Every structure is written in C-alpha cells, then in structure tokens.
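Structural features, examined
Each chain, letter by letter, is given below.
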Amino acid sequence: MIDVQEVTLFRVRKALVHEFETSSHTKSYIEHVLVKATTADGLVGWGEAASPSDPFYCYENTDTCWQILNHYLVPTLLAGAFESPEDALAASPVNGHPFAHAASDMVMWDLFSQEQGVPLADALGGTQENVSAGVSLGIEKSIDELLKVVAHHVHDGYHRVKLKISPHWAYEPAKAVCETWPDVAVQVDANGVFTASDLDNQLFNDLDRLGLLMIEQPFAMEDLLSHATLQRRLETPICLDESITSLAALETALFLKAAQIINIKVSRLGGVGPAKAVHDRCHDAGVPVWCGGMHEFGVGRAANLAVASLPGFTLPSDLSGSKKYYETDVVDPEIIAHDGLVPVPRGRPGLGVRVLEDRVRQDALEIVTMKASDG
Ligand code: OSB
Ligand code: MG
C-alpha cells in the first residue's frame, strides 16, 4: 500500500547551457514542477512535470501544471492509500493535462518500486542496461553555427543528432550535417509546423533523398491523414510525437499507417504507466520506438531512462547526459553519456538516483507543502 502523507511542490527554474529554438519557440531556461511525496512508511518519492513554460508544444504550461497538481492531483494522492500507480491514476478526476499527471504518476511509480525494493527500470520489466541516446538540437543562427554545435556533440561521443526544422530551416542544415558526418544518424523534427497544403512541397522529396533516420511530426497533432498521405510517398520513416496522446490515438495512427516509428514521451502520455502501455502495444505490432524528452531535470530523465530500458526501445532516444542541458543537475549520480550510451539508473530502488533536495530548493521560485491531515 502506498499511503502518501505529505507532498511538496517545487517550481524550479534552471538555465539551459545552450539556448534552444524550435519551429514554435525559443528558450534559454526551463521551469518545471518537481513533486516530493512522503509516505506513512517514511518512503520519499519524486516526480517532475516537464511542461514548457508556454503553451506552444501543447496546451499545458508551467502554471497549469502547478494549478492542476495543487488543486486536484496532490489532494487525490493525499486522500487515500493505493495498491498501485495504476489505481492512483484511475482515481484522478482530471480530464487531460498529461504533463501534470505524469508528475504524480512518476511519484507513485518511484514509491511503488521502492516498496518492492527494486529500481523502477526493473519494476517496469526493463531489459536494457544502457539506453542509446542522441542529442536534440534547436534551430541555429547559421549553418556554420549549427555545424559547430554538432561537432561539439559528436566529439562528446553521440552518434545520432536530431535537428529541429521549420519552413526556413530544413533541407540545407540537414544536408550540411549529413555531408559533414556521413557516419552520424540524422533525423529532423518539425513540431507540426507544416499543413496539408504543404504536402506537394518539394522539400519533402529533397529530405527523402538525404537518407534520414526519420522525419518527426511534420503536421499538426490532429492531422493523421496528412502524415499517412506523406508516409505513402516517402521512403524515409515518419515518426509521430505530438499526435500520440493515448493508446487510442496510437491505434488510429497504426490503422492509418500514418507513421513507421513512435516517439514515446512520459510527459505527453501522462505518466510512466501510460508510456509503458504504448511501448507494449508498439512492441506487439513490431513498431520501433524511442524515448522523447522535454529537457527534463535529473528526476524526469531518470524516469525516462527506466522506461527506455524496455525491450522495444531500439532507436536512439532524446536522453542526453545532464551536461547537454544544465551546469548542474538535481540528482546524484549525475546522468552521463559515454559514446552515445546512457546507463539506466539502477543504483537504488525507485528512480535509481538520489535527489539532491538542497539543489532543488536553491533553484525553486515557489514551494508549497500539503499534508493528508489538512484535508
Ligand atoms: O518535440 O521533442 C520535441 C523540447 C521541447 C519541446 C518539444 C520537443 C523537445 C525536444 C527536447 O526535442 C528533447 C530533449 O529533452 O533532449
Ligand atoms: Mg518532437
């Protein structure tokens, strides 16, 4: 039984070591909500709501995550005791808001696996010791700048790079990276910037000739038909990120053959359990998956690594080492990539890493504590 007695929410801001621009926004810092829960047995679990601060990737933002956790999800956790994380998730009265749910679900999975005395990766049935990882790179000021950034990460041992693209930054940068590093796997991510009227755009044929690992989310999240139409024309696999919000959305995408690859994000799917369910379905269907990221701090990245240790994660994930993102991280040991591989944290039960609460408090803009006895 997981009997949560006290929960603290931390609104934490950390500067990115390198500014990040996508087709929809530019960020120089990340603001996530960290959740700490203490049980009647004295176990301490952590979770992270990795929502961007603005509602551009999806409708949630840091404020909505804070509100939904504060007013609904934390009171639900404090209201009773739960056998399993699935039971706790089923008790949530909130419709939607997957990034907020991901934080409370992660806390429950951390506590549940600690109760079982095993690392989260093992509680989930993870089989891999290391996760193959790449870097996700934003839109840069020039191709020269981009090549410098890629050179830095290739020097650090990464063998796969993902480039954010937009209508003004797509073929030329991708071609430059492919030509400069023929042995590096290159994929692109449009974050849904194109529309059905772009279907006949020469750009897609040009990209198709580059031998990319995949083209991620060219069209809007709802536009599965345009993805299916484009996939029929291209050799390059299409990967869906934003569109895959649930198992039901996945079924529709598979039925339409709208993608050959699925990006699994714990945040976008609303938790560790839902992410595992999408993995399991893709594994059965023979669809390769990889783990997407939202610039998580060490808490969320540890959970992502545990999920990515499942056997169907056969493509490199957006799970880089801490230093790709932040000067210092909030967990010990720090997450480190060697030669494009990141070890799955299994150093202790639960998330597998120790959360450094002092560091969390140092960077916290707002802290709130709620107790079961207050309810
Ligand atoms: O589409 O995968 C995306 C970051 C913010 C919003 C959307 C996305 C991303 C990333 C970051 O690509 C991946 C990472 O955490 O390294
Ligand atoms: Mg994406």
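The structure presented is a predicted model; accordingly, all values stated were derived computationally and were not measured.

This brings us to the environment of N70. Along the chain, N70 turns up in helix α1 (residues 62-79). Put simply, N70 and V7 are 63 residues apart on the chain and 9.7 Å apart in space, counted from C-alpha to C-alpha. Those residues in contact with N70 that lie beyond four places of it in its chain are L9, P75, V368 and M370.

Our next topic: the site of ligand 1. Neighbouring residues of ligand 1: 15 residues in total, closest S136, K164, N191, H295 and Y325. A distance of 2.8 Å separates an oxygen atom of ligand 1 from a polar backbone atom of H295. For ligand 1, the protein covers 98% of the area, taking 390 Å² as the surface of the free molecule.

For the rest of this paragraph, the subject is the pairing of strand β3 (residues 44-49). Summarising burial for β3: 5 of the 6 residues are buried, a large majority. The sheet contact formed by strand β2 (residues 26-39) and β3 spans 6 bridges and is antiparallel. Bridged to V33 within β3 is A49. The hairpin turn running from β2 into β3, its antiparallel successor, is 4 residues long, and G42 in that turn takes a positive phi close to 85 degrees.

Turning to the nonpolar core, a few remarks are in order. In this structure, L9, L69, V161, L163, V177, I262 and V299 are the most contacted members of the largest nonpolar core, which totals 123 residues. When residues of this core are assigned to domains, at least three map to each of domain 1 (4-118 + 354-374) and domain 2 (122-343). Among residues more than four places away in sequence, those in contact with L69 are L9, V33, V35, A49, V74, P75, A100, A103 and S104. Core analysis: the next-biggest nonpolar cluster, separate from the first, contains 5 residues, M214, C239, I261 and L315 among them.

This part takes up the sheet that holds strand β10 (residues 238-240). As summarised here, the arrangement of the 7 strands in space is β6-β7-β8-β9-β10-β11-β12, forming an open sheet in which the pairing is parallel. This sheet does not close on itself; its edge strands, each paired only once, are β6 (135-137) and β12 (289-291). As paired strands, strand β9 (residues 215-216) and β10 are joined by 2 bridges and run parallel to one another. If you follow I215 over to β10, its bridge partner there is I238.

Before going further, it helps to examine helix α12 (residues 298-307). With respect to burial, α12 is a largely interior element, 10 of its 10 residues being buried. When α12 is considered as a whole, its buried residues turn out to be G298, V299, G300, R301, A302, A303, N304, L305, A306 and V307.

Attention now moves to the packing of helix α9 (residues 247-256) against helix α11 (residues 272-285). Relative orientation of the contacting elements α9 and α11 amounts to 25 degrees, with a least axis distance of 10 Å. It follows that α9 is roughly parallel to α11 by the angle criterion. In the crossing of α9 with α11, the sense of the turn from one axis to the other is right-handed. Judged by residue contacts, L247, L250, E251 and L254 of α9 engage A277, V278, R281, C282 and A285 from α11. Split into classes, the residues belonging to the contact of α9 with α11 amount to 7 nonpolar, no polar and 2 charged.

Split by domain assignment, the chain resolves into domain 1 (4-118 + 354-374) and domain 2 (122-343). Summarising the inter-unit geometry, the C-alpha centres of domain 1 and domain 2 are found 23 Å apart. Across the boundary between the two partners, domain 1 contributes 35 residues, which contact 45 residues of domain 2. Interface area, domain 1 with domain 2, both sides summed: about 3300 Å², of which 67% is carbon and sulfur.

This part takes up helix α6 (residues 171-180). Within the sequence span of α6, burial applies to P173, A174, A176, V177 and C178. Looking at the buried residues of α6, the elements they touch are α5 (143-155), β7 (160-164), β8 (185-189) and α7 (202-208).

This brings us to a negative patch on the surface. A cluster of acidic residues, D41, E83, E86, D87 and E115, forms a negative patch on the protein surface. Here E86 shows up in helix α2 (residues 85-90). Taking relative accessible area as the criterion, E86 reaches 46% and is therefore assigned partly exposed.

Criteria and thresholds
Residues numbered from 1 in each chain as written. Chains lettered and ligands numbered in written order. Predicted model: local features only at pLDDT ≥ 70, side-chain atom pairs only at ≥ 80, totals over all residues. Heavy atoms only, no water. Helix = DSSP H or I, 4+ residues; strand = E, 2+ residues; numbered from the N terminus. Contact = heavy atoms within 4.5 Å. Near = heavy atom within 4 Å. Polar contact = N/O pair within 3.5 Å; in protein donor to acceptor, adjacent residues only side chain to side chain. Areas by Shrake-Rupley, 256 points an atom, 1.4 Å probe, with all protein chains shown as cover. Buried < 20%, exposed > 50% of the residue type's maximum accessible area, 1.4 Å probe, protein only. Pairing = 2+ DSSP bridges. Core = buried A, V, L, I, M, F, W, Y, C linked by side-chain atoms within 4.5 Å. Domains from an automatic or database assignment. Axes fitted to C-alpha atoms, helices over the stretch in contact; angles between N-to-C directions. Parallel < 35°, antiparallel > 145°, perpendicular 65-115°, else oblique. Left-handed = near helix turned anticlockwise from the far one by under 90°. Nonpolar A, V, L, I, M, F, W, Y, C, P; charged D, E, K, R; others polar. Buried area = accessible area lost by both parts, 1.4 Å probe. Patch = residues over 30% accessible without salt bridge, like charges linked within 9 Å, V, L, I, M, F, W, Y side chains within 5 Å. Salt bridge = Lys/Arg side-chain N within 4 Å of Asp/Glu carboxyl O. Lys, Arg positive; Asp, Glu negative; His and termini not counted. Charge placed at Lys NZ, Arg CZ, Asp CG, Glu CD.

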